[in-house]
There are 4 protein chains.
Amino acid sequence: MTTRRTDLALEAHALLRAARGEGRINGLSLTERRLHGCAVTEVRVESEGASRALGKPRGAYLTLDLRTLPDDPAARTERAALALSEALRSLIGPPAKTALVVGLGNRAMTPDLLGPRAAEHIPATRHLKSEAAFSSLAAVSVLTPGVLGTTGLEAAEQVRGAVEAVRPDLVVAIDALASQRLERVCTTVQLSDAGIVPGSGVGNHRGALTRETLGVPVLAVGVPTVVDAATLALDLLDEAGASLPEPDALRGHERVMVTPRDIDARVEELSRIVGFGVGLALQRALSLDELRALID
Amino acid sequence: MTTRRTDLALEAHALLRAARGEGRINGLSLTERRLHGCAVTEVRVESEGASRALGKPRGAYLTLDLRTLPDDPAARTERAALALSEALRSLIGPPAKTALVVGLGNRAMTPDLLGPRAAEHIPATRHLKSEAAFSSLAAVSVLTPGVLGTTGLEAAEQVRGAVEAVRPDLVVAIDALASQRLERVCTTVQLSDAGIVPGSGVGNHRGALTRETLGVPVLAVGVPTVVDAATLALDLLDEAGASLPEPDALRGHERVMVTPRDIDARVEELSRIVGFGVGLALQRALSLDELRALID
Amino acid sequence: MTTRRTDLALEAHALLRAARGEGRINGLSLTERRLHGCAVTEVRVESEGASRALGKPRGAYLTLDLRTLPDDPAARTERAALALSEALRSLIGPPAKTALVVGLGNRAMTPDLLGPRAAEHIPATRHLKSEAAFSSLAAVSVLTPGVLGTTGLEAAEQVRGAVEAVRPDLVVAIDALASQRLERVCTTVQLSDAGIVPGSGVGNHRGALTRETLGVPVLAVGVPTVVDAATLALDLLDEAGASLPEPDALRGHERVMVTPRDIDARVEELSRIVGFGVGLALQRALSLDELRALID
Amino acid sequence: MTTRRTDLALEAHALLRAARGEGRINGLSLTERRLHGCAVTEVRVESEGASRALGKPRGAYLTLDLRTLPDDPAARTERAALALSEALRSLIGPPAKTALVVGLGNRAMTPDLLGPRAAEHIPATRHLKSEAAFSSLAAVSVLTPGVLGTTGLEAAEQVRGAVEAVRPDLVVAIDALASQRLERVCTTVQLSDAGIVPGSGVGNHRGALTRETLGVPVLAVGVPTVVDAATLALDLLDEAGASLPEPDALRGHERVMVTPRDIDARVEELSRIVGFGVGLALQRALSLDELRALID
């Protein structure tokens with residue numbers, strides 16, 4: 001039964017586990033740890049079989065659960081940014097001298113605003129490198145390519161052009177995602193070294209952003225901001241101990257995506273967390289305060 | 001079973017009907033008509049018993065179903081505004097010389113933005129009355145009181161102050177609502193002569209805006225822009241022919257409100273429809289084009 | 001020669017001084033001091049004659065010159081807010097238990113956005129007073145009445161309604177001003193206990209907000225954000241040592257107001273300074289960090 | 001005396017004429033006509049000598065004076081868009097099958113918002129070409145590259161990438177300009193076939209967008225939205241019949257740029273005019289109504 005839509009490897013893993021029972025699945029592992037007090041779950045997809053079974057490309061998928069952090073907004077933002085930064089660095093490996101950050105999504109749709117807004121919180125430094133005061137920084141460029149409907153250009157086309165111009169060591173692509181469970185919407189961040197593939201995310205980008213298409217490693221940072229209505233109903237049902245008479249009964253509602261009514265405030269908070277976290281991961285010499293001073 | 005939350009009299013009527021069976025309910029009537037091609041359903045609550053059974057104050061509730069209008073955006077907006085204007089006039093009765101329009105809601109939350117944004121499409125004319133060119137217009141004032149959390153003032157307190165200052169013949173209050181069914185979100189407009197009572201709407205205003213509290217007739221114009229997650233699940237279930245093992249199984253999720261992910265664009269369209277419709281209802285001498293010329 | 005337009009008592013004083021020469025003017029005094037490192041000039045208008053000569057109501061006018069503060073944005077904002085807070089407290093006298101803040105101006109015009117935007121940085125607390133945690137706070141309400149052209153309501157009418165509802169000990173009215181000199185635009189804050197009178201400010205409010213009209217003390221906080229084009233030309237001339245062939249030669253250009261091209265960023269910074277400063281002046285028990293925590 | 005800053009060839013021509021007297025200047029011509037009721041002045045720079053004398057690259061510069069159009073906003077917008085469209089077509093020559101529109105400027109600074117905002121009013125059609133209904137349209141892409149300070153990428157780098165991807169027949173670059181005279185701010189549109197060169201415009205782009213750098217014709221559409229303070233003073237002086245004691249007296253103020261205080265509303269109106277005009281020039285099969293229907 002595949003009516004449940006999710007972009008989170010963690011949720012796909014749980015669905016697969018539920019369908020297959022307890023046995024080990026070859027090439028698939030799940031481990032848990034804490035970073036700065038934040039619960040982080042890592043799903044590794046290491047074989048072609050596991051990739052097919054899960055419906056996700058091979059790679060590492062780290063999921064941060066922000067519900068495990070304190071409620072106080074300022075402390076929460078800082079701790080989440082530090083955790084994200086450390087998790088992202090573990091995927092990046094040795095520091096990059098030059099990076100291109102891409103904020104994907106549609107500015108005209110609040111739940112899809114996460115990528116462009118997070119990008120606003122990441123200081124571009126490439127043009128400052130000639131100044132002595134900034135010579136120790138990584139050279140970061142920040143692109144927000146907009147959406148095909150208003151530009152006529154695929155995001156992937158614009159990213160390829162920018163990669164050509166700046167020749168970065170790596171690309172970090174930020175995007176809004178769909179999750180299976182309402183409780184994970186705006187409370188979860190997924191990091192991956194598998195890039196971004198067509199059909200995922202809120203906005204259904206057609207062109208892939210991966211090491212294969214761009215020639216450099218592509219780290220993906222995603223935040224679920226929507227859930228589809230039918231998936232939501234199925235999950236509330238499960239919790240309540242009920243079940244559907246037939247698996248495809250909700251098929252017609254599958255593509256209606258919903259989002260919490262306070263999505264504006266949540267996207268703002270998450271944009272700061274993601275922006276600061278990515279910025280810190282790329283600028284290893286800077287504290288959070290120094291990073292923020294570069295933006296204002 | 002009252003776990004299904006709705007601000008629409010039409011939906012409350014259907015739920016009551018489903019619970020009570022086919023027999024006539026005293027003091028409650030439902031009639032249907034078409035205005036400018038738009039289906040309009042009128043629920044009349046005429047007895048105290050009917051009011052209690054329905055959970056709505058006595059009065060007339062007109063529901064416009066915008067799904068019965070053409071898809072072309074320009075034609076749709078115009079037809080919907082004309083239908084809304086005619087329906088609202090039927091509740092107002094003889095033309096008002098002086099009116100106060102109130103756009104309720106929180107500008108910082110997209111689904112609650114309907115009231116303030118609609119108010120932007122209604123020309124204020126009270127200060128123009130001394131100019132000869134505008135002497136035949138109704139004197140309209142437009143108030144957007146904001147929300148208690150950022151002002152420290154109840155909307156009702158500000159409306160009372162404005163009523164004191166302008167002494168209007170009537171008040172029109174515009175607000176976002178919660179509906180039971182996702183399909184009615186952003187496709188329906190409810191007009192009523194019963195005012196606005198505490199606890200309804202997206203934003204839970206504490207003070208009532210009614211003829212009793214303000215001393216003049218209060219017309220309410222509401223658009224459902226959210227649905228609560230549990231109600232949504234129950235309705236998808238019903239459609240699929242399933243049912244819950246026990247009535248209260250979803251109680252915990254009751255207050256999580258969701259909204260379509262493209263709520264930004266929908267609220268924009270509906271704000272124009274509601275603004276133009278209310279403007280036309282108040283300015284009977286003006287065409288839609290003349291009304292719009294007063295705003296730009 | 002009165003072609004030079006200014007809302008700043010400090011500038012009016014200098015123009016009067018230039019016209020009259022060095023002699024003492026009865027009932028008019030000017031003193032200087034430093035608050036938190038910020039230069040503050042106080043002009044006192046204490047006689048009817050001085051009031052007429054200056055064209056300003058009797059009262060105290062304190063001008064903060066933000067150019068005397070450090071360049072670092074965070075330090076500058078904090079120091080300016082502290083200086084503003086202390087200067088405002090000196091005008092208020094004993095702490096107010098209940099206050100109404102009014103953010104005047106037009107949201108659709110950037111240089112006039114100062115009042116509404118500053119209001120967003122002042123926490124409304126009146127509705128929190130029943131909670132024990134907030135019982136020591138002053139009860140603050142925050143009103144942003146909009147402009148006559150879009151509401152049909154005078155700001156003064158709305159303020160009277162709010163004064164009626166909350167019965168404050170005092171009113172603080174925030175507004176954008178016009179200055180004579182471009183260099184004072186967005187670098188100066190004027191505080192006064194003389195209220196706000198018709199015809200001043202960027203937006204030309206018709207109704208006065210004074211102790212006479214509202215029945216409680218009215219403190220005015222103003223920031224010059226525009227300068228009129230002819231006044232600007234005259235001042236650049238003076239500096240260059242040139243002079244006009246005839247005094248009224250620029251009369252036709254008198255009412256074209258101009259503003260710096262980076263007015264957006266400057267209004268944002270000043271809104272924070274004014275909002276925090278007013279908030280601190282009203283909430284004497286709170287530090288700047290505690291105040292900000294109430295807003296986010 | 002070259003302290004007067006202007007991006008308008010028309011103003012540079014008048015300054016040169018004033019300095020040189022009445023004699024003919026080789027390779028420089030000025031002609032006037034009317035398009036849809038709008039006065040259009042064409043300056044042609046046809047020799048290297050004329051180019052040096054004027055400080056502008058060789059090419060044609062058409063200036064539309066919108067003050068010659070009716071005051072009624074709707075009629076004015078339509079007439080201006082039609083005039084702009086016809087003037088631009090005269091520079092383009094035979095219809096382009098594929099075009100790239102570039103909206104230059106900083107979204108965070110109102111007077112520099114003209115380019116990005118105008119771009120929002122131009123329908124992207126490149127991705128629609130495979131649909132039969134749109135097969136007769138020109139394939140238009142729309143890029144808004146942002147500014148170096150927030151992206152780390154030169155606009156020219158991004159444009160080159162997009163030119164690589166879409167291989168357009170021509171590029172249309174829209175930008176905000178500085179004019180010498182306040183009365184031309186937001187009342188004038190300059191079209192040119194000479195592209196955009198470093199140092200012009202409000203935002204001082206470093207990389208040129210010209211046929212030489214991009215390999216395809218580059219049409220520039222510019223609207224003056226700022227004037228520098230010293231130039232403004234000099235011009236008001238001239239009008240008043242006064243003159244400065246020494247030419248460089250105002251040098252220190254040279255780089256303070258000012259803009260009208262109602263710049264928000266003016267940029268909105270001009271963005272629609274420029275967007276519709278460029279859209280019509282590129283889509284010769286469409287009426288203005290059909291063009292607008294593609295955007296909403």
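Chemist: Please explain the overall build of chain A as it appears in this structure.
Modeler: Regarding its fold elements, chain A presents ten helices and nine strands. Relative to the globule expectation of 19 Å for 296 residues, the C-alpha radius of gyration of chain A, 19 Å, shows essentially globular dimensions. In chain A, which carries 33 positive and 37 negative side-chain charges, the distance between the mean positions of the two groups comes to 4 Å.

Chemist: I tried to follow the side chain of T41 of chain D on my own but got confused; where do I start?
Modeler: You can see T41 of chain D is positioned in strand β2 (residues 38-45). Discounting chain neighbours no more than four positions away, the residues touching T41 of chain D are L10, L30, T31, E32, Y61, L62 and T63 of chain D.

Chemist: Please explain the pairing of β2 of chain D as it appears in this structure.
Modeler: Along any regular strand, the residues point their side chains to alternate faces of the sheet. All names here are of chain D. Most of β2 sits out of view: seven of its eight residues are buried. By the bridge criterion, eight bridges tie strand β1 (residues 28-35) to β2 in an arrangement that is antiparallel. Note on β2: the bridge partner recorded for L30 is V43. A loop of two residues connects β1 with β2, the two strands running antiparallel in sequence, and H36 in this loop sits at a positive phi of about 50°. Relative to strand β3 (residues 59-65), β2 is paired through seven bridges, and the arrangement is antiparallel. If you follow E42 over to β3, its bridge partner there is L62.

Chemist: Just to check I follow, could you spell out the environment of A14 of chain C for this structure?
Modeler: Looking at the secondary structure, you find A14 of chain C in helix α1 (residues 9-20). Measuring from C-alpha to C-alpha, the distance between A14 of chain C and L54 of chain C comes to 9.7 Å, with 40 residues separating the pair along the chain.

Chemist: Explanation requested: the relation of the copies chain D and chain A in the structure shown.
Modeler: Taken as rigid bodies, chain D and chain A are interconverted by a rotation of 180° and an axial shift of 0.0 Å, the fit giving an RMSD of 0.0 Å. Here the transformation between the copies is reduced to the relation of a two-fold axis. The position closest to the rotation axis in chain D is occupied by the C-alpha of G161 of chain D, lying 2.0 Å away. Take the interface residues of chain D: 100% of them recur as interface residues in chain A, which is what a same-surface contact looks like.

Chemist: Help me understand the packing of helix α8 (residues 229-240) of chain C against helix α8 (residues 229-240) of chain D in this model?
Modeler: To characterise two packed helices, one gives the angle between the axes of the helices and the distance between these axes. Running from amino to carboxyl end, α8 of chain C crosses α8 of chain D at an angle of 95°, the nearest separation of the two axes being 9 Å. In terms of orientation, α8 of chain C and α8 of chain D fall into the roughly perpendicular class. Here A229, A230, L232, A233, L236 and L237 of chain C of α8 of chain C lie close against α8 of chain D, whose contacting residues are A229, A230, L232, A233, L236 and L237 of chain D. A class-by-class count of the residues in the contact of α8 of chain C with α8 of chain D yields twelve nonpolar, no polar and no charged.

Chemist: For this particular structure, what's the right way to read the interface of chain D and chain A?
Modeler: One frequent convention defines the size of an interface as the accessible area lost when the parts assemble. Each partner contributes residues to the interface: chain D has 19 residues there, and chain A has 19 residues. Summed over both sides, the interface between chain D and chain A buries roughly 1500 Å², with carbon and sulfur atoms accounting for 55% of that surface. At the boundary of chain D with chain A, the tally comes to two salt bridges. The salt bridge partner of E157 of chain A is R126 of chain D, with a shortest N-O separation of 2.7 Å. One can count six residue pairs in polar contact (both at pLDDT 80 or more) joining chain D with chain A. A total of six residues in the side of chain D that touches chain A trace back to one element, the largest contributor, which is helix α6 (residues 155-166) of chain D. Tallied by class, the residues present in the side of chain D that touches chain A amount to nine nonpolar, eight polar and two charged.

Chemist: Mind showing me how you'd approach the confidence of the model for chain A here?
Modeler: Interpreting fine coordinate detail is not advised for predicted regions of low pLDDT. Summary statistics for chain A give a mean pLDDT of 91 and a share of 92% for residues scoring 70 or more. Scoring the predicted complex yields pTM 0.94 and, for the interface, ipTM 0.92.

Chemist: Explanation requested: the pattern of salt bridges in the structure shown.
Modeler: Any two side chains of opposite charge can pair, so long as their charged atoms come close to each other. Considering all chains together, one arrives at 61 salt bridges over all chains under this definition. Among the salt bridges present, the one from E269 of chain A reaches R76 of chain A, with a minimum N-O distance of 2.8 Å. Separated by 193 residues along the polypeptide, E269 of chain A in helix α9 (residues 263-282) and R76 of chain A in helix α3 (residues 73-92) bring together distant segments of the chain. Like R76 of chain A, E269 of chain A is buried. In this structure, the salt-bridge partner of R117 of chain C is E120 of chain C, at a minimum N-O distance of 3.7 Å. Pair noted here: R117 of chain C and E120 of chain C are both in helix α4 (residues 114-120), with a separation of three residues, about one helical turn. The exposure class of E120 of chain C is partly exposed, given its relative accessible area of 38%. Among the charged side chains, a salt-bridge network with shared partners connects D65, R67, R181 and E183 of chain A.

Chemist: Where do I start with the arrangement of the chains in this structure?
Modeler: A minimum C-alpha distance of 8 Å separates chain A and chain C, which share no contact. At the C-alpha level, the nearest point of chain B lies 8 Å from chain D, with no contact between them.

Chemist: Any chance you could explain the environment of A165 of chain C here in plain terms?
Modeler: Structurally, A165 of chain C is set in helix α6 (residues 155-166). Along the sequence, A165 of chain C and A281 of chain C sit 116 residues apart, while their C-alpha atoms lie 22 Å from each other.

Chemist: What should I look at first to understand the side chain of K56 of chain D in this one?
Modeler: Residues and elements named next belong to chain D. Here K56 shows up in the loop between α2 (48-54) and β3. An unpaired buried charge is present at K56: no salt bridge exists, and D7, the closest side chain of opposite charge, is 4.6 Å distant. Within the local environment of K56, its side chain forms a polar contact with the backbone oxygen of T6, the two atoms lying 3.4 Å apart. Residue contacts for K56: discarding those within four places in its chain leaves T6, D7, L8, A9, A12, V45, S51 and Y61.

Chemist: Would you mind going over the packing of helix α3 (residues 73-92) of chain D against helix α9 (residues 263-282) of chain D with me for this structure?
Modeler: Residues and elements named next belong to chain D. Closest axis-to-axis distance for the α3/α9 pair is 7 Å, and the angle between their directions is 45°. Our classification of the angle between α3 and α9 gives oblique. Like other packed secondary-structure pairs, α3 and α9 cross with a definite hand, here right-handed. Residues R76, T77, A80, A81, L82, L84, S85, L88, R89 and I92 of α3 form the contact with α9, whose participating residues are E269, R272, I273, V274, F276, G277, V278, L280, A281 and L282. Considered class by class, the residues forming the contact of α3 with α9 number 13 nonpolar, three polar and four charged.

Chemist: Just to check I follow, could you spell out the environment of T63 of chain A for this structure?
Modeler: Residue and element names in this part refer to chain A. You can see T63 is positioned in strand β3 (residues 59-65). Taking the C-alpha atoms as reference, T63 lies 8.8 Å from S192; in sequence the two are 129 residues apart. If we ignore the near neighbours within four places in the chain, the residues touching T63 are L10, A39, V40, T41, T188, V189 and Q190.

Chemist: Is there a simple way to explain the pairing of strand β5 (residues 139-143) of chain D in this structure?
Modeler: Residues and elements named next belong to chain D. For β5, a buried count of five out of five residues is recorded, marking the element as mostly surrounded by other parts of the structure. The alternating pattern of β5 places A139, S141 and L143 on one face and V140 and V142 on the opposite face, and all of these are buried. Direction of pairing for strand β4 (residues 98-103) relative to β5: parallel, over a ladder of five bridges. Considered in β5, the bridge of V102 is made with L143.

Chemist: Sorry, what's going on with unusual backbone geometry here?
Modeler: Most peptide bonds are trans, and most residues other than glycine sit at a negative phi. Residue and element names in this part refer to chain B. Of note in the backbone geometry, H36 takes a positive phi value of approximately 50° without being a glycine. On the basis of relative accessibility, which here comes to 34%, the residue H36 falls in the partly exposed class. You will see that C186, though not glycine, has its phi angle at about 65°, which is positive. Here C186 shows up in the loop between β6 (170-179) and β7 (188-192). Of the residues examined, C186 reaches a relative accessible area of 4% and is grouped as buried.

Chemist: What is the right way to look at the state of the cysteines in this model?
Modeler: Linking two cysteines covalently via their sulfur atoms produces the bond known as a disulfide. Scanning the model with the defined rule gives zero disulfides over all chains in all. Free cysteine: C186 of chain B, not disulfide-bonded; nearest cysteine sulfur from C38 of chain B at 15 Å.

Rules used in this analysis
Residues numbered from 1 in each chain as written. Chains lettered and ligands numbered in written order. Predicted model: local features only at pLDDT ≥ 70, side-chain atom pairs only at ≥ 80, totals over all residues. Heavy atoms only, no water. Helix = DSSP H or I, 4+ residues; strand = E, 2+ residues; numbered from the N terminus. Rg over C-alpha atoms; globule rule 2.2 N^0.38 Å. Lys, Arg positive; Asp, Glu negative; His and termini not counted. Charge placed at Lys NZ, Arg CZ, Asp CG, Glu CD. Contact = heavy atoms within 4.5 Å. Buried < 20%, exposed > 50% of the residue type's maximum accessible area, 1.4 Å probe, protein only. Pairing = 2+ DSSP bridges. Least-squares fit on C-alpha atoms with pLDDT ≥ 70 in both. Axes fitted to C-alpha atoms, helices over the stretch in contact; angles between N-to-C directions. Parallel < 35°, antiparallel > 145°, perpendicular 65-115°, else oblique. Nonpolar A, V, L, I, M, F, W, Y, C, P; charged D, E, K, R; others polar. Buried area = accessible area lost by both parts, 1.4 Å probe. Salt bridge = Lys/Arg side-chain N within 4 Å of Asp/Glu carboxyl O. Polar contact = N/O pair within 3.5 Å; in protein donor to acceptor, adjacent residues only side chain to side chain. pLDDT = per-residue confidence, 0-100. Left-handed = near helix turned anticlockwise from the far one by under 90°. Disulfide = S-S within 2.5 Å.

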